[in-house]
Amino acid sequence: MFEDFWAKKGEEATVVIPGWQTLSYFSDVTNVCWFLERDFGQEVRRLHKLVGNAVTEDRYIVIGTGSTQLYQAAVFALSPPDASEPMSVVSAVPYYSGYPMKTDYLRSGLFRWAGDARAFKGESYIEVVCSPNNPDGSMNKAVLNSETGKTIHDLAYYWPQYTAITEPADHDIMLFTVSKSTGHAGTRLGWAIVKDPNIAKKMTKFIAMNTIGVSKDSQLRAAKILKVISDGYEHPNTKSSMRLFDFGRDRLAKRWERLREVVKATKLFSLPEYPLETCKFTREKFAAYPAFAWLKCEKEEIEDCESFLKKLKIQTRGGMHFGVDMKYVRVSMLDREETFKLFIERLASLA
Ligand SMILES: Cc1ncc(COP(=O)(O)O)c(C=O)c1O
């Protein structure tokens, strides 16, 4: 979806990296995260300040190869190295399907996936809170509360194209990524905002052991991309007047409107409703336009919504990947315009 925006920005968002640049493993050895390029760190703080979606003052920034690597670094950093049992990692259903897979893939002795946070009994855990939530777009808060429990807040979608920014988030570990904020999933760059220096150090250590840092070329590109977004709001007289969050919200609002019409006409499905909230960034009141549609099949005869839609050549992800039943499916709202149109046409054929 974001391709059209960046294509129009053209030269303004283009980066050229000479052959002699960014050769070293190191960026700034005085920083806890010694592979963080200064420009990228500055642009991250600048953008959060502009949008008002996260506190960055007196916080450490740790970068990763996507927030996927940072999730693993955070789980590692929060798990005691000498506990008798692996730390339980939980998240409230429906949870992002990546969490169980990434937690258990290497069968670590330090942590293990323990499913739905609401069903968890115990005092020691890591709760992953995704807000707005993938897959259902809800503004989640931690459901567990214990002195020894830890949280990781995955705020990949806490940006004004998806939801109203109601306050600057201020949690112990907050994960963000260019893949959802700007559309640059292929740049593979995420950042964590971390309160505790020891946790920031452990996360940095994990990434150093795993990949000896994070691509500097990606950081330089992402620094430019974030700069163009902030400049668009702070210096509106730059070459093109189009601004990323306005573009994203406008596109998503239209897509959601179209989808809701078609879903209603089919009389087969339902979609979540989102409350109207005032966004402190745009100063407008709007309901969320999530990056995914969380469709529920309301027809009793259809047990497996994913297979049902597959027959119509609509590719979705079934509820079981998110810890719920197969009446639910998740559909991306961020595909290219022509793909989204096809999706709507195929769904409309059921009406
Ligand atoms: C909630 C959530 N967290 C993390 C990720 C992974 O992001 P990245 O591309 O930064 O690894 C995704 C991707 O779909 C996601 O939806």
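Thresholds, definitions, all that
- Residues numbered from 1 in each chain as written.
- Predicted model: local features only at pLDDT ≥ 70, side-chain atom pairs only at ≥ 80, totals over all residues.
- Heavy atoms only, no water.
- Buried < 20%, exposed > 50% of the residue type's maximum accessible area, 1.4 Å probe, protein only.
- Helix = DSSP H or I, 4+ residues; strand = E, 2+ residues; numbered from the N terminus.
- Pairing = 2+ DSSP bridges.
- Axes fitted to C-alpha atoms, helices over the stretch in contact; angles between N-to-C directions.
- Contact = heavy atoms within 4.5 Å.
- Expected span 1.5 Å × (residues − 1).
- Polar contact = N/O pair within 3.5 Å; in protein donor to acceptor, adjacent residues only side chain to side chain.
- Phe/Tyr/Trp six-rings, centres within 6.5 Å; stacked < 30°, edge-to-face > 60°.
- Lys NZ or Arg CZ within 6 Å of the ring centre and 35° of its normal.

Undergrad: Looking at this structure, I do not really get the pairing of strand E7 (residues 190-194). What am I missing?
TA: Along any regular strand, the residues point their side chains to alternate faces of the sheet. Of all the five residues making up E7, five are buried; the element is thus mostly covered by neighbouring parts of the structure. The two faces of E7 match: Gly190, Ala192 and Val194 on one face and Trp191 and Ile193 on the other face are all buried. Relative to E7, strand E1 (residues 60-64) runs antiparallel, the two being bridged by five bridges. Looking across to E7, one finds that Val62 is bridged to Ala192.

Undergrad: Sorry, what's going on with the sheet that holds strand E6 (residues 173-177) here?
TA: Backbone hydrogen bonds hold the strands of a sheet together, and the pairing may be parallel or antiparallel. Strand order across the open sheet formed by seven strands is E1-E7-E6-E5-E4-E2-E3, with mixed pairing between neighbours. Whereas interior strands pair on both sides, the edge strands pair on one side only; in this sheet they are E1 and strand E3 (111-116). Sheet twist, expressed as the average angle between the axes of neighbouring strands with direction ignored, equals 25°. Running at roughly 70° to E7, helix H2 (residues 38-51) makes contact with E1, E6 and E7 of the sheet. Across the sheet, helix H6 (residues 197-211) touches E1, E6 and E7, and the angle it forms with E1 is around 20°.

Undergrad: Looking at this structure, I do not really get H6. What am I missing?
TA: One full turn of an α-helix is made of 3.6 residues, so residues set three or four places apart face in the same direction. Between its terminal C-alpha atoms H6 stretches 21 Å, which fits the 21 Å expected from 15 residues at 1.5 Å a residue. For H6, the full list of buried residues reads Ile199, Ala200, Met203, Thr204, Phe206, Ile207 and Ala208. On its buried face, H6 is in contact with E1, helix H3 (66-78), E6 and E7. Two to three positions downstream of the cap, the backbone nitrogen of Asn198 sits 2.7 Å from a side-chain oxygen, assigning the N-cap of H6 to Asp196. With its phi angle positive at about 45°, Ile212 sits one or two positions after the end of H6.

Undergrad: Would you mind going over the packing of aromatic side chains with me for this structure?
TA: The description of an aromatic ring pair uses the distance of the two centres, along with the angle that the planes make with each other. In total, this model carries 25 aromatic pairs according to the counting rule given. With a centroid separation of 6.0 Å and 75° between ring planes, the pair formed by Tyr157 and Phe292 is classed as edge-to-face. Linking Tyr157 in the loop between strand E5 (150-154) and E6 with Phe292 in strand E11 (residues 292-297), this pair joins segments that are 135 residues apart in sequence. Overall, the relative accessible area of 6% leaves Tyr157 in the buried class. Here the aromatic rings of Trp256 and Tyr274 are separated by 6.2 Å at their centres, their planes lie at 90°, and the arrangement is edge-to-face. Placement of Trp256 in helix H8 (residues 244-266) and of Tyr274 in the loop between strand E8 (269-270) and strand E9 (277-278) is noted, with a sequence separation of 18 residues between them. A residue is classified by how much of its surface remains accessible, and Trp256, at 2% relative accessible area, is buried. Given the relative accessible area of 13%, Tyr274 is considered buried. A network of ring pairs unites the aromatic residues Phe40, Trp159, Phe176, Trp191, Tyr233, Phe245 and Phe281 as a single cluster. We note Arg249 situated over the ring of Phe286; from NZ or CZ to the ring centre the distance is 5.0 Å. For Arg330, the ring lying beneath its charged end belongs to Phe292, and the centroid distance is 4.0 Å.

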